[in-house]
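If you want the building blocks of each chain, they are given just below.
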Amino acid sequence: NTPVLVSNVTWSGAGLTVPPSSFLPRRAQDMSTVDRKTTSTPLEKKKKSKTLTTAQHLPKLVVFDLDNTVWTPELYEFYKTPIPGKTLHVFPAALKALKELHTETKWNGSMVAAASRTGEIEWAHMSLKTFKVDKDNTFDDLMSFKQIYPGSKLKHFRRLHEDSKIPYSDMIFFDDC
């Protein structure tokens with residue numbers, strides 16, 4: 001029952017792009033049971049990646065790290081309160097991903113969460129409440145679950161699993177590491 005942390009996952013114009021080895025079942029030894037039927041563009045085929053489509057299983061919980069994944073620079077680099085949009089900036093691809101999760105009907109069965117090891121907990125929450133995904137909704141409004149505190153990402157994911165009741169195999173994690 002340990003989470004499988006996914007890396008090298010990107011957003012493209014075609015949607016969520018996942019390298020073939022990244023979308024894993026709960027245990028790596030269960031690889032023979034993974035359904036790898038996907039559709040892809042010629043460019044994605046060149047990159048040897050797969051694109052999840054609405055006809056396929058989409059993750060029920062999409063989890064984002066914050067520092068250097070959603071925004072930059074990392075919060076620990078500030079000596080005074082960061083100013084979202086002036087000294088703290090959202091990555092355009094992260095904003096695009098969050099907008100897609102908020103507006104595209106194919107994601108209606110999915111929730112969004114944050115898992116961050118930052119020690120600047122208040123600044124992280126303030127930034128989530130300040131950055132907007134659209135004119136009416138903040139990043140905080142979009143996040144069903146937030147695990148923001150120093151410590152192990154495994155602890156964050158155990159809490160996300162406990163709070164959401166979603167199996168690890170139905171989660172996907174975006175991180176810069």
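Residues numbered from 1 in each chain as written. Predicted model: local features only at pLDDT ≥ 70, side-chain atom pairs only at ≥ 80, totals over all residues. Heavy atoms only, no water.

Peer 1: Would you mind going over helix α5 (residues 153–164) with me for this structure?
Peer 2: For the α-helix, the turn length of 3.6 residues means that residues three or four positions removed from each other point alike. Across its 12 residues, α5 extends 16 Å between first and last C-alpha, which sits within 8% of the 16 Å expected from 1.5 Å per residue. Along α5, the positions that sit buried rather than exposed are K153, H156, F157, L160 and S164. The arc enclosing the buried residues of α5, seen along the axis, measures out at 95°, which places them on a common side. K165 lies just past α5 and shows a positive phi near 65°. (Helix = DSSP H or I, 4+ residues; strand = E, 2+ residues; numbered from the N terminus. Expected span 1.5 Å × (residues − 1). Buried < 20%, exposed > 50% of the residue type's maximum accessible area, 1.4 Å probe, protein only. Arc of directions from axis to C-beta.)

Peer 1: Whenever I open this one, the pairing of strand β7 (residues 111–116) confuses me. Can you help?
Peer 2: Regular strands place side chains that alternate from one sheet face to the opposite one. Here β7 lies mainly inside the structure; five of its six residues are buried. With four bridges connecting them, strand β4 (residues 61–64) and β7 associate as parallel partners. Each bridged residue has a counterpart across the sheet, and for V62 the counterpart in β7 is V112. The pairing of β7 with strand β8 (residues 143–148) spans five bridges and is parallel. Along β8, the bridge assignment pairs A115 with Q147. (Pairing = 2+ DSSP bridges.)

Peer 1: Sorry if this is basic, but what is going on with the confidence of the model for the protein here?
Peer 2: Parts of the prediction with low pLDDT should not have their coordinates interpreted in detail. Summarising the model, the protein shows a mean pLDDT of 79, and 68% of its residues fall at 70 or more. Ignoring residues within four places in sequence, the model shows residues 1–9, a span with pLDDT below 50, making 27 contacts including any to other chains. With pLDDT under 50 throughout, residues 18–52 is counted as low confidence; its partners more than four residues away or in other chains account for 61 contacts. (pLDDT = per-residue confidence, 0-100. Contact = heavy atoms within 4.5 Å.)

Peer 1: Honestly, the side chain of S164 in this entry has me stumped. Any pointers?
Peer 2: Mapping S164 onto the fold places it in helix α5. Judged by relative accessible area, which is 12%, S164 ranks as buried. Looking at S164, its side chain comes within polar contact range of the main-chain oxygen of L160, at 2.6 Å. A polar side-chain atom of S164 sits 3.1 Å from the main-chain amide nitrogen of I166. Those residues in contact with S164, other than ones at most four positions away along the chain, are L61, F145 and M171. (Polar contact = N/O pair within 3.5 Å; in protein donor to acceptor, adjacent residues only side chain to side chain.)

Peer 1: Hey, could you run me through the nonpolar core in this one?
Peer 2: Nonpolar side chains in soluble globular proteins tend to be buried together. If you look at the biggest cluster of nonpolar residues, it comprises 27 residues, and the most contacted ones within it are F64, L66, W71 and L98. Of all the elements, helix α2 (residues 92–103) adds the most residues to this core, at four residues. When near neighbours in sequence (up to four residues on either side) are disregarded, W71 contacts L66, L88, H89, V90, F91, A124, S127, L128 and F131. Counting 11 residues, the second largest nonpolar core, distinct from the first, contains L61, A113, L160 and M171. (Core = buried A, V, L, I, M, F, W, Y, C linked by side-chain atoms within 4.5 Å.)

Peer 1: Any chance you could explain the environment of C177 here in plain terms?
Peer 2: Inspection of the secondary structure puts C177 in the segment after β9 (171–174). Sequence separation of C177 and T69 is 108 residues, and the distance between their C-alpha atoms is 9.0 Å.

Peer 1: Sorry if this is basic, but what is going on with the packing of aromatic side chains here?
Peer 2: Ring pairs (aromatic) are described by centroid distance and by the angle formed between their planes. Taken as a whole and judged by the stated rule, the model has five aromatic pairs. Residues F64 and F174 carry aromatic rings whose centres are separated by 5.1 Å and whose planes lie at 15° to one another, so their mutual orientation is stacked. A residue pair is termed long-range when its members are at least 10 positions apart, and F64 in strand β4 and F174 in strand β9 qualify at 110 residues. Residue classification places F64 among the buried positions, given a relative accessible area of 2%. Between F157 and F173, the aromatic rings sit 4.9 Å apart at their centres with planes inclined by 80°, giving edge-to-face as the arrangement. Pair noted here: F157 is in helix α5 and F173 is in strand β9, with a separation of 16 residues, a long-range link. Residues F157 and F173 agree in their burial class; the two are buried. Through successive ring pairs, a cluster of aromatic residues spans W71, F131 and F139. (Phe/Tyr/Trp six-rings, centres within 6.5 Å; stacked < 30°, edge-to-face > 60°.)

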